[in-house]
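Observations on the model geometry
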Amino acid sequence: MKKLILLLGAVFCLSVACANGSADTSDTANSGAEKSGGGMNITITITNEVGKTHTLAATLSDNKSADAFAELLKKGAVTVKMHDYGSFEKVGSLGTTLPRTDTQITTEAGDIILYQGNQITIYYDTNSWNFTRLGKITGTTQAELKSILGAGDVTAVFAEKTSF
């Protein structure tokens, strides 16, 4: 009987220790996720050739490229002059190079894509290629994006969203 009580006590202590260890691990994992750019909300202010301005909301992806972009935005807004390419995207130079995590994807309207490590694109239609997804514009339809981005050049200001 004594051995059974000791065995049950040992199992109980071991299960409590394992449960506490799991809680500590998840707390560490959560604090690491808070430092990541993945899920960061940003704004993109688009100004077209005639001076009309629209502000769009977007959420960054969870990858090392988006993390590097988030770190860049924490230093201040990034302004990119963008031109139309192929009647499905606006593209412009970032002025710096970010790490690439290219994979074969088919873009959708609202995708924010890193191209060749040093160019950023905003898609208003589809395209398939090896790209790195930086994020996604939220709350805007394909027709609205096409209207906002228009046929001419635009200036896009990417910034960390500071209020909710």
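One can find the structure itself at the top, above this paragraph.
Residues numbered from 1 in each chain as written. Predicted model: local features only at pLDDT ≥ 70, side-chain atom pairs only at ≥ 80, totals over all residues. Heavy atoms only, no water.

1. Quick word on the overall build of the protein
Along its length, the protein carries 3 helices and 9 strands. For the protein, the N- to C-terminal ordering of α and β elements is α-β-β-α-β-β-β-β-β-β-α-β. Expressed as a percentage of the 164 residues in the protein, the buried residues total 32%. Intrachain contacts of the protein at a sequence separation of at least 6 include 63% that bridge at least 24 residues. Summed over its atoms, the accessible surface of the protein is roughly 9,400 Å², and 56% of this surface lies on carbon and sulfur atoms. (Helix = DSSP H or I, 4+ residues; strand = E, 2+ residues; numbered from the N terminus. Buried < 20%, exposed > 50% of the residue type's maximum accessible area, 1.4 Å probe, protein only. Contact = heavy atoms within 4.5 Å. Areas by Shrake-Rupley, 256 points an atom, 1.4 Å probe, with all protein chains shown as cover.)

2. Describing the pairing of strand β2 (residues 53–60)
Pairing between strand β1 (residues 41–48) and β2: 7 bridges, direction antiparallel. When the sheet's bridge partners are listed, I42 is paired in β2 with A58. Where β1 folds back on β2, the antiparallel hairpin that results is connected by 4 residues, among which G51 adopts a positive phi of roughly 90 degrees. Inspection of the sheet shows β2 paired to strand β8 (residues 128–138) by 4 bridges, in the antiparallel sense. Across the sheet, A57 pairs through a bridge with T138, a residue of β8. (Pairing = 2+ DSSP bridges.)

3. Structural notes on helix α2 (residues 64–74)
Listing the buried residues of α2 in full gives S65, A66, F69, A70 and L73. Taken down its axis, α2 places every buried residue within 140 degrees of arc, on the same side. Between the side-chain oxygen at the start of α2 and the backbone nitrogen of S65 there is a gap of 3.0 Å, and the oxygen is on N63. G76 sits one or two positions beyond α2 and adopts a positive phi of about 145 degrees. (Arc of directions from axis to C-beta. Polar contact = N/O pair within 3.5 Å; in protein donor to acceptor, adjacent residues only side chain to side chain.)

4. Concerning unusual backbone geometry
At S87, a residue that is not glycine, the phi angle is positive and equals roughly 60 degrees. Despite not being glycine, Q116 has its phi angle at roughly 55 degrees, a positive value. Within the secondary structure, Q116 sits in the loop between β6 (111–115) and β7 (119–123).

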